[in-house]
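Secondary and tertiary structure notes
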Amino acid sequence: VTRAHGVALASGLLFALGLGISGMTNPAKVIAFLDVAGPNWDSSLAFVMLGAIAVHAVFLRLSKRERPYLADAYDAPNRFQIDTDLVLGAALFGLGWGASGFCPGPAVVSLVTFAPGVLVFVTGMLLGFVGPNLLRRAQAARSPGA
Amino acid sequence: MTEFSPGSAILGGVLIGLSASLFWAFNGKVAGISGIVAGLVAPLAAPAEFCPRADSRASTRSLRALFVLGLLLGGGLLWSLEPALLVPSPRPISLLLGAGFLVGIGTQLSGGCTSGHGVCGISRGALRSLVATGTFVATAALSVFLLRTLLGAGS
């Protein structure tokens, strides 16, 4: 176990505390936030994103380091196109988020409750994660010479 | 009905922003939960050449595993100190399986979720993330609206 591992563990822990304190691990509150046309709209969770972006954006702007403290290089995002996958994927994700009140982070954090709902949700999510790869493997198996 | 709670929302958001900054500054990685978790499980389903996130180096895998372990430890801490913060979903189990699948496949296609696109991507000024976030917030609101009006699912 290295210091990098320790920081990864601490980052995950801090992230979970942030989700819990903010209200993101309460799906009813998430649904109330998304229910912009409803009679009891609760705008609180917009402030989670504001707080997080304010801190992280300022940090990124001030950071002048050419490489991370405990790694050889930054593992920066490598997709830049605004394409069908981006928009279609985001649209599907949103439908699922609104239907459950869970996005991936709060769902993983809530696993510790062993509530049946979150166990079922995460099972579906993991199937969704491996789905595209299973499909690619099946396609490759069908096309000769692949 | 839920109560307006901007203070705790901002405080939690600040912690999330600090976490993302820590993970980037020290490990050089984006704190996107769907990418981290999918990066652990998706390669199990197919060889690396079919995996969009081809980075399956042992070092990356162990960092992802520890980040997830941290999430679970944090969840355990919340659950033991303030269990009222971890609330079950009000939606029926049958709906949650399909919802989870949509969240899984959708975030894989678009390359991020609320954290990767919504927080990290927007913070770095990525137009892709802004488009993704606008899209998923819009369809999430639509999803909630349809379930409330058509099926009478309470929020």
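These notes cover the structure that comes with them. The structure presented is a predicted model; accordingly, all values stated were derived computationally and were not measured. (Residues numbered from 1 in each chain as written. Chains lettered and ligands numbered in written order. Predicted model: local features only at pLDDT ≥ 70, side-chain atom pairs only at ≥ 80, totals over all residues. Heavy atoms only, no water.)

As a further point, take the interface of chain B and chain A. With 112 residues of chain B at the interface, the matching set in chain A holds 102 residues. Taken over both partners, the interface formed by chain B and chain A buries close to 9,600 Å², and the fraction arising from carbon and sulfur atoms is 76%. Contact with chain A buries surface across chain B, with Phe26(B), Leu109(B) and Arg128(B) losing the most and accounting together for 7% of the total. Our count for the contact surface shared by chain B and chain A stands at two salt bridges. A salt bridge links Asp75(A) to Lys29(B), with the shortest nitrogen-to-oxygen separation between them at 2.9 Å. Summed over the shared surface of chain B and chain A, the number is 28 residue pairs in polar contact (both at pLDDT 80 or more). Broken down by element, the side of chain B that touches chain A gets its largest block of residues, 21 residues, from helix H1 (residues 6–27) of chain B. Of the residues that constitute the side of chain B that touches chain A, the class distribution is 70 nonpolar, 34 polar and eight charged. (Contact = heavy atoms within 4.5 Å. Buried area = accessible area lost by both parts, 1.4 Å probe. Salt bridge = Lys/Arg side-chain N within 4 Å of Asp/Glu carboxyl O. Polar contact = N/O pair within 3.5 Å; in protein donor to acceptor, adjacent residues only side chain to side chain. Helix = DSSP H or I, 4+ residues; strand = E, 2+ residues; numbered from the N terminus. Nonpolar A, V, L, I, M, F, W, Y, C, P; charged D, E, K, R; others polar.)

Our focus in this paragraph is the packing of helix H3 (residues 46–62) of chain A against H1(B). With their axes 6 Å apart at the nearest point, H3(A) and H1(B) run at an angle of 35° to one another. Between H3(A) and H1(B) the crossing geometry is right-handed. Where H3(A) abuts H1(B), its residues Phe47(A), Val48(A), Gly51(A), Ala52(A), Val55(A), His56(A), Phe59(A) and Leu60(A) lie against Pro6(B), Ala9(B), Ile10(B), Gly13(B), Val14(B), Ile16(B), Gly17(B), Leu18(B), Ala20(B), Ser21(B), Trp24(B) and Ala25(B). Of the residues assigned to the contact of H3(A) with H1(B), the class counts are 15 nonpolar, five polar and no charged. (Axes fitted to C-alpha atoms, helices over the stretch in contact; angles between N-to-C directions. Left-handed = near helix turned anticlockwise from the far one by under 90°.)

Glancing now at a nonpolar patch on the surface. Taken together, the side chains of Leu95(A), Leu142(B), Phe145(B), Leu146(B), Leu150(B) and Leu151(B) define a hydrophobic patch exposed on the protein surface, amounting to about 570 Å² of accessible area. With four residues, the top contributor of residues to the nonpolar patch is helix H6 (residues 127–150) of chain B. Among the secondary structure elements, Leu142(B) is positioned in helix H6. We classify Leu142(B) as partly exposed; its relative accessible area is 43%. (Patch = residues over 30% accessible without salt bridge, like charges linked within 9 Å, V, L, I, M, F, W, Y side chains within 5 Å. Areas by Shrake-Rupley, 256 points an atom, 1.4 Å probe, with all protein chains shown as cover. Buried < 20%, exposed > 50% of the residue type's maximum accessible area, 1.4 Å probe, protein only.)

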